[in-house]
Amino acid sequence: MRELTGMPTLMLSRIAGGLLLAGFLALLAPPRVNAVDVSPFEKLVGRWVGEGRLGVRNNATEQVKCRVTYLLASPDDRLQQTIRCASGSGSIEVRSSVLHSAGTLTGTWAELERKMHGEVTGTGTPRGFKVRVQGEGLKANMDIVVLGTKQVIEIQFIDSALIGLTLILDRG
C-alpha cells in the first residue's frame with residue numbers, strides 16, 4: 001500500500017468519501033427555523049420613563065413627565081400599552097390594545113381623561129411603528145421609534161382639543 005503525506009491511500013479515500021457524503025446530507029437537510037418567531041412588539045415590552053411636551057389648544061405647551069408600560073399577551077401577539085403623563089395643570093392617560101398579524105396592526109385606543117376613543121390601524125417600520133387612530137371625534141397619527149434603550153413617541157391630534165404629545169423615554 002502506498003502512503004500519501006503519511007496516510008495510507010485507502011484511509012484518505014474513506015475520509016474524502018465520508019466528507020462528500022456529509023456535505024450531500026447537509027444539502028438535503030431542511031433549513032433551520034426558529035421554533036418561535038419573535039414578535040415585533042418584543043422591543044417595547046417593559047416600563048419606560050421620561051419627559052415630553054403636551055400641546056392643548058388655547059393653552060401654552062406644557063412639560064410633562066411620563067411613564068409608559070407595554071405588556072405582550074401570547075399567543076395572539078397582542079400588545080397592551082398604557083401612557084400616563086402629568087403636568088402642572090393636568091394629565092393625559094392613553095390605553096391601547098394592538099394586535100399584530102402579517103405586518104399589519106389593528107386594535108383600540110382610548111384617552112381616558114378626555115373620553116376620546118377610536119380604532120388603531122398601522123404597520124411596523126424598521127425602527128418602530130406608524131399608526132393611525134380614528135374614532136368619533138378623534139383623529140390622530142402616532143409614531144413610535146425605538147433605538148436601543150431609547151424610545152420616542154409622537155402623537156399628532158387632528159381637529160381636537162389636544163394638539164400633540166411628544167415623549168422621549170428611557171427603558172427602566
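Everything below is about the structure printed above this text.
These remarks concern the structure in this document.

Each value, and the rule that gives it
Residues numbered from 1 in each chain as written. Predicted model: local features only at pLDDT ≥ 70, side-chain atom pairs only at ≥ 80, totals over all residues. Heavy atoms only, no water. Helix = DSSP H or I, 4+ residues; strand = E, 2+ residues; numbered from the N terminus. Buried < 20%, exposed > 50% of the residue type's maximum accessible area, 1.4 Å probe, protein only. Contact = heavy atoms within 4.5 Å. Areas by Shrake-Rupley, 256 points an atom, 1.4 Å probe, with all protein chains shown as cover. Disulfide = S-S within 2.5 Å. 1 Å grid on protein atoms, 1.4 Å probe; cavity = no way out; pocket = protein on both sides within 12 Å on 5 of 7 lines; lining within 4 Å. Points joined across faces, edges and corners; volume = space filled by probe spheres on them.

Glancing now at the overall build of the protein. Looking only at helices and strands, one finds one helix and twelve strands in the protein. For the protein, the succession of helices and strands along the chain, N to C, is β-β-α-β-β-β-β-β-β-β-β-β-β. Residues counted as buried form 31% of the 172 residues belonging to the protein. Sequence separation of at least 24 residues holds for 33% of the intrachain contacts in the protein that already meet a minimum separation of 6. Counting every atom, the protein has about 10800 Å² of accessible surface; 59% of that belongs to carbon and sulfur.

So, about unusual backbone geometry. Of note, Lys-115 is a non-glycine position whose phi angle comes to about 55°, a positive value. Following the sequence through the fold, Lys-115 ends up in the loop between strand E7 (104-111) and strand E8 (116-125). Positive phi, normally seen in glycine, also occurs at Asp-159, with a value near 55°. Here Asp-159 is to be found in the loop between strand E11 (150-157) and strand E12 (162-171). With a relative accessible area of 69%, Asp-159 lands in the exposed category.

Time to look at the state of the cysteines. Inspection of the entire model under this criterion finds one disulfide. Cys-66 shares a disulfide with Cys-85; S-S distance 2.0 Å. One quick way to see it: the torsion about the S-S bond of Cys-66 and Cys-85 is about 115°, and its sign makes the bridge right-handed. Here Cys-66, found in strand E4 (residues 62-73), pairs with Cys-85, found in strand E5 (residues 78-86); they are 19 residues apart in sequence, far enough to count as distant. A relative accessible area of 6% places Cys-66 in the buried class.

A few words now on empty space enclosed by the protein. The full count for this structure, using the stated rule, is one cavity of 30 Å³ or more. Considered as a void within the structure, the largest cavity measures approximately 140 Å³ in volume. Taken together, 14 residues form the lining of the largest cavity, with Gln-81, Ser-96, Val-98, Val-131 and Ile-144 sitting closest to its centre. Of all the elements in the fold, those that place two or more residues in the lining of the largest cavity are E5, strand E6 (91-101), E7, strand E9 (128-135) and strand E10 (138-147).

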